[in-house]
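Each chain is listed here by its residues.
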Amino acid sequence: MSRITGDNPPVPSRPARAAEHRWFGDKRSQVVHDLDHTVDACAIDDLLQAETFLVFAPDTLVEARNRCYHACRHCATDGEGDAA
């Protein structure tokens, strides 16, 4: 059971297959999602079901962009809190 105490924001749950990764790419659309900030519009469950995803090493937005992935307009930030 998890508890939220003080001013700590709730920690979003990550898919088990990407538990150690933040940046999650959709091979079909070449869009990368930030698993720390996903919303329903990101459809991560659909992506997992289709098994058309990948993770990046190093686990950064810069690496995803190096592989020609575009930041999701709903969830992806540059890692510093700024819009991508």
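Residues numbered from 1 in each chain as written. Predicted model: local features only at pLDDT ≥ 70, side-chain atom pairs only at ≥ 80, totals over all residues. Heavy atoms only, no water.

*Asks:* Help me understand unusual backbone geometry in this model?
*Replies:* Backbone geometry follows two general trends: most residues other than glycine have a negative phi, and most peptide bonds adopt the trans configuration. Cis rather than trans, the peptide bond between Ala 57 and Pro 58 has omega equal to 0°. Residue position: Pro 58 is located in the loop between strand S3 (53-55) and helix H2 (61-66). Of note in this structure, Ala 43 is not a glycine but carries a positive phi near 55°. Relative to the helices and strands, Ala 43 resides in the loop between strand S2 (31-34) and helix H1 (44-50). When its relative accessible area of 29% is taken as the criterion, Ala 43 is described as partly exposed. A positive phi angle is found at Glu 51, which is not glycine, with a value near 55°. With respect to the element layout, Glu 51 can be found in the loop between H1 and S3. Residue Glu 51 is classed as exposed on the basis of its relative accessible area, which comes to 52%. (Helix = DSSP H or I, 4+ residues; strand = E, 2+ residues; numbered from the N terminus. Buried < 20%, exposed > 50% of the residue type's maximum accessible area, 1.4 Å probe, protein only.)

*Asks:* What should I look at first to understand the pairing of S2 in this one?
*Replies:* A regular strand carries its side chains on alternate faces of the sheet. When strand S1 (residues 23-26) meets S2, the two strands line up antiparallel, connected through 4 bridges. Bridging across to S2, Phe 24 finds its partner in His 33. Hairpin connection from S1 to S2: 4 residues lie between these consecutive antiparallel strands, with Gln 30 at a positive phi of about 60°. The pairing of S2 with strand S4 (residues 70-71) spans 2 bridges and is parallel. Residue pairing for S4: Val 32 is matched across the bridge by Ala 71. (Pairing = 2+ DSSP bridges.)

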